[in-house]
Every structure is written in C-alpha cells, then in structure tokens.
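# Structural characterization, general
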Amino acid sequence: MNKVRLGIIGLGTVGAGAVNLVARNQTDWKQRRGLDVSVTCASARDLSKPRDCDLSDITLIEDPLALVESDQVDIVVELMGGDDLAKRIVERAIELGKPVVTANKALIALHGEQLFKCAVAGNVPVKFEAAVAGGIPIIKAISEGLASNQIKMVAGIINGTGNFILSQMKEKNRSFKDALQEAQDLGYAEADPTFDVEGIDAAHKLAILASMAFGIPLRFDRIYTEGITALQSADIGYAKEFGYRIKHLGIAKKMHDGVELRVHPTLVPQKRLLAHVNGVMNAVLVKGDAVGNTLHYGAGAGAEPTASAVIADVLDLARDAQMTDGHLGSHPVWNVPSVPLGFLNDGLSDLPIKGSDEFVSAYYLRVDVRDEVGVMSKLTTAFANHGISLEGIKQKEPNEGEDGVSVILITQRCVEKDLNAVVGELSALPQIQKEIMKIRVEYLD
Ligand code: NAP
Ligand code: HSE
C-alpha cells in the first residue's frame, strides 16, 4: 500500500480541521481505497499554543521551510495564508519535486501564473480545490465534470463570512459588527476580515474561477470589486418588496467581445435558488453551452468543510501515485486537472476585460428626494432621456415630520455608462437629499 506523508503548515481553523479529518478517516481510506495517508509533520507560528486537534504523533517544526525539506514529508499542505512566505514555501516544494496542496486563494490569484509555470516546468502538481467556495468541489466540477462545455457564465456566493453577515442582519436583525464578530469566532473570516467584507476574498476566488472556466489569465487586478459595508438594511427591505434578495455575488461572464469580472452586492429574484442560500453556505452557478445551468451548493468556510476539499486534493495525488509508479512527484502535471489548461500550452485567451462602464445589467436605485410636486416626473424623464426603461417604481411614505421620501426604481437591462449618466443628472437636481444608492440586479438566466 502506498504511504503518503503530509506536512501541514498552519494549525489554525483549516490546519486543525485537516489534522482531525485525517485522524478520523484514515482507516476508511485504507480500507476503501488502499491509500495510507498520515500527517507526520506540522508547523505554526507559535508551537506552544493549544490547538483544536491532537498533535501527539506529529513532529512539530518551527521553520515552515524546514518542514518542506523534511524527509518525513511527501506532500506539502500550505494552510497558513498570506502571499509572501506562502509563495516561498510553494516555490521550495516545487524545487524539491514535492506536490503542494493549498487553500490559499490570495496566493493563487496573485502569484498563480508564476507558480504554475514553475510547477509545469518541474512537473510538480499544485492543487487548490479548497481555495474557492470551501467544501464545494467547484474546481473539479469546472475542470472535469463540465470539461466538454464552453462556459459562458460563473456566478455565485463565494464568501461565507459576507453571506453569514447579510443573513444574520436580515433574519435576526443583528448589527453588522456583531455578525462579523461571530463569523470570526467561528473561524470563517480571513486573518484580515476586510478581505471578506470589502469583497477582496471573493475577487481572489473569482479570478481563479474565471481563469479555470474561460481559459483567461488570472486577472485579480481587473476585477471590479465592491464589498457589503455600504449596504443599508432599508435597501434589503425595499428589495424584498420588489421580490428580490440582496446577495454578495462574484460574477464572471464571457461574451464574444470580452469578459465581465465583478464582485458586488446584487439583487437576485426570489425565485432563484441562489436567493435562498444563507448563512455560511456558498453556491456557484455555472452555465455551460451543452449542460445549461448547474448549481453547486455547500459550506463555503469552516474547519472541516474546508479540510474536506484540502484532503480530497491529497487523496487525488495519492491515487495518481498509486496508478503510476508510486512516486508522488513523478506523474505528469497534465494529469492534474486543477492547473488551468492555458498554463500548460500557452493557450490563455487574450479576450479584453471590460471596464464597469461597459457592464450590461439591470439596476436598483434608491433616490432620496424632497417631496415636491413634479419631482417624480423629473426622475422618470432623466431615464427616458437616456433610453433606459423602468421595470418598477415605488415612492415610500415620508417619516413623521420629514419632508423627504425614498423613491425606489428598478430599470430594465442597460449599459452602465448610460445609467451613470442618469445618476449624474439626478444627483444635480436641487431636490436630491442624499447620495443615490445604486445596486446591480442580475436575473442569472
Ligand atoms: P488561521 O486560523 O489564521 O490559521 C493560520 C495558521 O497559520 C495558524 O496556525 C498560524 O500559526 C499559522 N501561521 C501564520 N503565519 C505563519 C508563519 N509565518 N509561519 C508558520 N505558521 C504560520 O487561518 P485559516 O482560517 O485556517 O486559513 C488558512 C488558509 O486557508 C488561508 O489561506 C485562508 O484563506 C484559507 N481558507 C480558510 C478557510 C476558512 O474557513 N477559515 C476556508 C477556505 C480557505 P499560529 O496559530 O501559531 O498563529
Ligand atoms: N474567509 C473565507 C470566507 C473563507 O468567509 O468565505 C473561505 O474561503
């Protein structure tokens, strides 16, 4: 039976989850799959800290690079996060011919191109299923199960922390701050939680998804990114009155003339399954030319759901080794479906990435105006002047003693540049009392 010895770097939420999962299920893998997987070494910043896992049979090594070099380690499992030391660790593992499994989306989104080139040159697999959507095997779904399709769209809830916060605010009326604190306590949030709430983490993941789905380079730097911090509970309520839920989505669309890559709060019609994905759950909609729409749902963060994806990569590597000559690093990288194919054959598409002015979407606007005769007609005329049709319009009653009202408008699909021109025109009206709130609406069809 092939023995596979893991060196785990990072013993936080995911690292401890991975150690526990191996301890619990290793006998099952031996019996069912003939694979003998164990954790031999681990590293963390502070080795004296108590951990949520049993480390009694594991050699602790202070220096993560020394762990990579240890002759007790066959596969390097990077679960520490960050993109500096983590990059050096992966590079060193590749130099030594040791396969890498990582959950680090920042590392892949920012340095994936360089790392995959080294991995391909050295014939060393680098796998990253856990980097996107936690326990959902979405990398495998796109690169294997849906491989025969031309993928036109990938859209989903890909940050568990953000979805948890929005759900808690809507369902339990909790404050943003409280809900974020609980997400941190549960181990869902990034070390720097602004990555979650400002959409950076979702943008890292979207860069990876779009590269896998469309064969384009990793373009984190070109993703239009808005977080959830500017959302107001009033908008969540108004959206509901119109039959929508507000979700924080990552959206990648491929058109004949370019690609849209965007992360932002989005109104989703209540009839869509995505509208009902709550808490830490994630869901990713993939639209293929042959299969149509597929929806992939599961826990997007947390110790064991993420460990599930990490260890699935480990078992793939162990199985590949079992099927070849038993040496983990010796099987060809092209056997490893998680490397975006473009990195193997210089085939990455140079389709342009569209700027936000070129996006095509429907829009929700909240316009706070002084309640005067004729103001509604001024609003609707501005839309007509720019050729934008309205799907719905509602004026809310003013609060006691106030002279202002909120007018909610939902447009039909239009080009964002035209919508921005309307917003500019409306903002200049003397009746406008606050900055106009704009949220995109996606029908996901
Ligand atoms: P975490 O709980 O903060 O754990 C990070 C671990 O890495 C800690 O044990 C820490 O050591 C160790 N570490 C940090 N810097 C180190 C260094 N310089 N040398 C050695 N060890 C170091 O983070 P996490 O939530 O497990 O996330 C780990 C990775 O998985 C990140 O890339 C994250 O984006 C990704 N991820 C997380 C989740 C999730 O649900 N949490 C889901 C998917 C992917 P100390 O404990 O001693 O400080
Ligand atoms: N902080 C991330 C999230 C972890 O909340 O989705 C999973 O990638």
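As a further point, take the overall build of the protein chain. Tallying secondary structure elements over the protein chain gives 14 helices and 17 strands in all. For a compact globule of 445 residues, the expected C-alpha radius of gyration is about 22 Å, and the protein chain comes in at 24 Å, within 12% of that figure. Taken over the C-alpha atoms alone, the protein chain extends approximately 80 × 45 × 35 Å along its principal axes. In the protein chain, buried positions account for 54% of the 445 residues. Accessible surface computed for the protein chain: about 18600 Å², of which carbon and sulfur atoms make up 48%. Considering the protein chain, the positive charge centre built from 46 side chains and the negative charge centre built from 58 side chains are found 4 Å apart.

Every residue lining ligand 2 is accounted for by Lys105, Asn159, Gly160, Thr161, Tyr188, Ala189, Glu190, Asp196, Asp201, Lys205, Gly300 and Ala301. With respect to ligand 2, the side chain of lysine 105 contributes an N or O atom lying 2.5 Å from an oxygen atom. Between ligand 2 and aspartate 196, the relevant distance is 2.7 Å, taken from a nitrogen atom to a side-chain nitrogen or oxygen of the residue. Computed on the free molecule, ligand 2 has an accessible area of 250 Å², of which 93% lies beneath the protein chains in the complex. Where the shell around ligand 2 is concerned, the elements lending two or more residues are helix H6 (160–172) and helix H9 (200–214). Class assignment of the residues belonging to the shell around ligand 2 gives a composition of three nonpolar, four polar and five charged.

Below, the discussion takes up the nonpolar core. Ile138, Ile208 and Leu261 are the most contacted members of the largest nonpolar core, which totals 55 residues. Secondary structure elements with two or more residues in this core: helix H2 (64–69), helix H3 (85–95), helix H4 (105–122), helix H5 (138–145), strand E7 (151–157), H9, strand E10 (258–269) and strand E11 (281–288). Among the elements that take part in this core, H9 stands out by supplying 10 residues, more than any other. Three or more residues apiece are contributed to this core by two domains, here domain 1 (2–134 + 303–345) and domain 2 (144–299). Setting aside its immediate chain neighbours within four residues, leucine 261 contacts Leu206, Ala210, Ile216, Arg219, Arg222, Ile223, Tyr224, Ile251, Ala252, Ile353 and Phe359. Among the nonpolar cores identified, the runner-up in size contains 33 residues, and Val39, Ile58, Ala309 and Leu315 belong to it.

With parallel pairing, the six strands of this open sheet are ordered in space as E3-E2-E1-E4-E5-E6. Each edge of the open sheet is held by one strand with a lone partner, namely strand E3 (59–60) and strand E6 (126–127). With two bridges joining them, strand E5 (residues 100–102) and E6 adopt parallel strand pairing. Residue valine 100 lies in a different strand from E6, and its bridge partner there is valine 126.

Time to look at the site of ligand 1. With respect to spatial proximity, 24 residues lie near ligand 1, and among them Asp46, Arg51, Lys105, Glu190 and Gly302 are the closest. In the model, an oxygen atom of ligand 1 is placed 3.0 Å from a nitrogen or oxygen of the glycine 12 main chain. Here an oxygen atom of ligand 1 and a side-chain polar atom of lysine 105 are 3.3 Å apart. For the shell around ligand 1, the per-class residue count stands at 10 nonpolar, eight polar and six charged.

In this section: the pairing of strand E2 (residues 35–43). Two faces make up the sheet, and in a regular strand the side chains alternate between them. Most of E2 is tucked away, with eight of its nine residues classed as buried. Note: E2 against E3, two bridges, orientation parallel. In the sheet register, cysteine 41 faces E3, and the bridge partner there is threonine 59.

What follows covers the environment of glutamate 304. The residue glutamate 304 is located in helix H11 (residues 303–323) in this model. When its relative accessible area of 28% is taken as the criterion, glutamate 304 is described as partly exposed. Residues in contact with glutamate 304, not counting those within four places in the same chain, are Gly17, Asn20, Leu21 and Arg24.

It is worth spelling out the confidence of the model for the protein chain at this point. Taken residue by residue, the protein chain gives an average pLDDT of 93. The fraction at 70 or more is 94%. For residues 330–337, every residue scores under 50 in pLDDT, and the model assigns this stretch 24 contacts once sequence neighbours within four places are set aside.

This part is about the domain arrangement of the protein chain. According to the domain assignment, the protein chain consists of domain 1 (2–134 + 303–345), domain 2 (144–299) and domain 3 (358–441). One C-alpha centre belongs to domain 1, the other to domain 3, and the line joining them spans 51 Å.

This part is about helix H14 (residues 416–427). End to end, H14 covers 16 Å across 12 residues, agreeing with the expected 16 Å (1.5 Å per residue, within 8%). Where the residues of H14 are buried, they touch strand E13 (360–370), helix H13 (375–385), strand E15 (404–411), strand E16 (414–415) and strand E17 (437–441).

Parameters and conventions
Residues numbered from 1 in each chain as written. Chains lettered and ligands numbered in written order. Predicted model: local features only at pLDDT ≥ 70, side-chain atom pairs only at ≥ 80, totals over all residues. Heavy atoms only, no water. Helix = DSSP H or I, 4+ residues; strand = E, 2+ residues; numbered from the N terminus. Rg over C-alpha atoms; globule rule 2.2 N^0.38 Å. Buried < 20%, exposed > 50% of the residue type's maximum accessible area, 1.4 Å probe, protein only. Areas by Shrake-Rupley, 256 points an atom, 1.4 Å probe, with all protein chains shown as cover. Lys, Arg positive; Asp, Glu negative; His and termini not counted. Charge placed at Lys NZ, Arg CZ, Asp CG, Glu CD. Near = heavy atom within 4 Å. Polar contact = N/O pair within 3.5 Å; in protein donor to acceptor, adjacent residues only side chain to side chain. Nonpolar A, V, L, I, M, F, W, Y, C, P; charged D, E, K, R; others polar. Core = buried A, V, L, I, M, F, W, Y, C linked by side-chain atoms within 4.5 Å. Domains from an automatic or database assignment. Contact = heavy atoms within 4.5 Å. Pairing = 2+ DSSP bridges. pLDDT = per-residue confidence, 0-100. Expected span 1.5 Å × (residues − 1).

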